[in-house]
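# Tertiary structure, described
Each chain is listed here by its residues.
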Amino acid sequence: MERVAKDGILSPRKLLWALLLLLAFCEFYQFSYFVSTLLTLVLIPVSMAWLGFFPHTPLVLKREYEPVLFLLFWFAYSLFSYVWAVDRTLALEYCLLVFRYLALFMIFSAAFRDRRLLKRFHLFLTGIFCLYIITAIIEVLTLKHLPSSRMYGRNYFIPTGPFYGENILAAFMMLLFPFILFLSKLYERRLVKVFSSLFVLLFLVVITLQGARIGMLAIGAVLLWYFAFHSRAKTIILILLAVILFSYAVHLYFPSATAFVWKIFKREVLSFGSERETATMSSIKIRKQLFVETWDMASNSGLMGVGGGNFEHYMDTDRQYRTASILNAHNWWLELLGNFGILILAGFAYIYLKWLYLLYLRFQRSEGRERYLALMYLISLVLFVASSALPSSIRWIHLIWIYFAAVNSFCYTDKLL
């Protein structure tokens, strides 16, 4: 009777899970920044109240010490940077962002202590990836965009999904790509293989339309590695035949659309070589210059950073003439260095590299389905480097800290499948 009462339909535990699921969906499918912020503000006191009702529940487990200590130090350092920041309002805004990262990481780390939730989280990520693709295809076909998009109200074919810009969508589709790619290895059914192959193909079409060259290079490398080491010759032949038949069918019924996609694909591929030779300011040259400007900025601050959120303020000088008026770092690692200096960059790099190491060990020591689940997380985390270099900034995309909470929990949790 006691268990029924505790786990009933309206039990506090299930209500909290429902709120967490809703918040995770709103962060990953960011149709409303206001709604996700409101849910976060609600869940912080709710989670604290939960700890009050269940005092034997630890606030932080040993496996969460290092990431939480890093986030606490980052928050304190961000507050301290208020002292030397030129624009102190921006410094305070960044403090609030880091506090939100900390809250999300701690709340979802506590949630992922439940093995049942962590066991199914890869399915949630797969579902979100498919939702991104479906939204993007609808945008391409209808030329209509969500209110959260910068394309809203414009009849333009480039998809942005639930995000503001196309590069953000490309970045997080790329981050979640391994979960759909290895889905057929977890569930070896013909229908799953067809489903997985279809969404991989659609993803390649979408990222080509977006012109995300960093994403195209990274995904191309992953696919080559996948076909070389994780596919049999028979499977590769069947996939190639399926792609050819699918492409022919699309060309037969939608010839103009096929020609359009192929034209964009050729343009993007040819641009890899031409960009290096052009005399104009290309994206490659801009990114190189952003690295130079960031290092110069950090060096002038004694490697302490210019203060939270002040990177753009310092770029809004004569520096912008050397970066084609680009003010954002367009790289998460450079943003950390420019705003907060070497200490915060090194702290994040340490946490990131440790996760990679633990996932690699998990992959090496696992067998069967568990091995491919570890590979999903491992390749996804590797792709974070490329994903974080696509948008102008990922500071407002808080879903990454829910993802990091899952990665950290997976690193320290025994066999799930």
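What you are looking at is a predicted structure, and each value in this text was computed from that prediction instead of being measured.

This paragraph deals with unusual backbone geometry. The phi dihedral of Leu 303 is positive, around 60°, even though this residue is not glycine. Relative to the elements of secondary structure, Leu 303 occurs in the loop between helix 13 (283-300) and helix 14 (311-315). Phi at Ala 324 takes a positive value of approximately 55°, unusual for a residue other than glycine. Tracing the sequence through the fold places Ala 324 in the loop between helix 14 and helix 15 (332-365).

The subject of this paragraph is the pattern of salt bridges. Taken as a whole, this structure holds 12 salt bridges when the rule is applied. Notably, a salt bridge pairs Glu 27 with Arg 100, separated by 2.9 Å at the nearest N-O pair. Of the two residues, Glu 27 is situated in helix 2 (residues 12-28) and Arg 100 in helix 5 (residues 88-111); the sequence distance between them amounts to 73 residues. Like Arg 100, Glu 27 is buried. Note that Glu 312 is salt-bridged to Arg 395, the shortest N-O span being 2.6 Å. With a gap of 83 residues between them, Glu 312 in helix 14 and Arg 395 in the loop between helix 16 (368-387) and helix 17 (399-412) connect regions that are remote in the sequence. Accessibility expressed as a relative area gives 15% for Glu 312, which makes it buried. The exposure class of Arg 395 is buried, given its relative accessible area of 5%.

On to the packing of helix 5 against helix 17. Here helix 5 crosses helix 17 at 40°, and the two axes come no closer than 8 Å. The orientation of helix 5 with respect to helix 17, classified from their angle, is oblique. Viewed along their axes, helix 5 and helix 17 form a crossing whose handedness is right-handed. Residues Tyr 101, Leu 104, Phe 105, Phe 108 and Ser 109 of helix 5 lie in contact with helix 17, whose contacting residues are Trp 401, Ile 402, Phe 404, Ala 405, Asn 408 and Ser 409. Residues that form the contact of helix 5 with helix 17 fall into these classes: 8 nonpolar, 3 polar and no charged.

Under the defined criterion, the tally for this structure stands at 42 aromatic pairs. Look at Phe 112 and Phe 121: their rings are 4.9 Å apart centre to centre, the planes differ by 65°, and that puts the pair in the edge-to-face class. When its relative accessible area of 2% is taken as the criterion, Phe 112 is described as buried. Arranged with centres 5.4 Å apart and planes meeting at 70°, the rings of Phe 384 and Phe 404 form a pair that is edge-to-face. Linking Phe 384 in helix 16 with Phe 404 in helix 17, this pair joins segments that are 20 residues apart in sequence. No difference in accessibility class separates Phe 384 from Phe 404, as the two residues are buried.

This paragraph deals with helix 5. For helix 5, spanning 24 residues, the distance from its first C-alpha to its last is 35 Å, which sits close to the expected 34 Å at 1.5 Å a residue. The N-cap of helix 5, judged by a side-chain oxygen 3.2 Å from the amide nitrogen of Thr 89 a few residues on, is Asp 87.

A few words on the confidence of the model for the chain. Keep in mind that low pLDDT regions are not for reading the predicted coordinates in detail. On average, the chain scores 85 in pLDDT, and the residues at 70 or more come to 84%. Confidence over residues 1-6 falls short of pLDDT 50; this stretch has 2 contacts with residues more than four positions distant or in other chains. Across residues 274-281 the pLDDT falls below 50, and counting only partners more than four positions away or on other chains, this stretch makes 11 contacts in the model.

Conventions used here
- Residues numbered from 1 in each chain as written.
- Predicted model: local features only at pLDDT ≥ 70, side-chain atom pairs only at ≥ 80, totals over all residues.
- Heavy atoms only, no water.
- Helix = DSSP H or I, 4+ residues; strand = E, 2+ residues; numbered from the N terminus.
- Salt bridge = Lys/Arg side-chain N within 4 Å of Asp/Glu carboxyl O.
- Buried < 20%, exposed > 50% of the residue type's maximum accessible area, 1.4 Å probe, protein only.
- Axes fitted to C-alpha atoms, helices over the stretch in contact; angles between N-to-C directions.
- Parallel < 35°, antiparallel > 145°, perpendicular 65-115°, else oblique.
- Left-handed = near helix turned anticlockwise from the far one by under 90°.
- Contact = heavy atoms within 4.5 Å.
- Nonpolar A, V, L, I, M, F, W, Y, C, P; charged D, E, K, R; others polar.
- Phe/Tyr/Trp six-rings, centres within 6.5 Å; stacked < 30°, edge-to-face > 60°.
- Expected span 1.5 Å × (residues − 1).
- Polar contact = N/O pair within 3.5 Å; in protein donor to acceptor, adjacent residues only side chain to side chain.
- pLDDT = per-residue confidence, 0-100.

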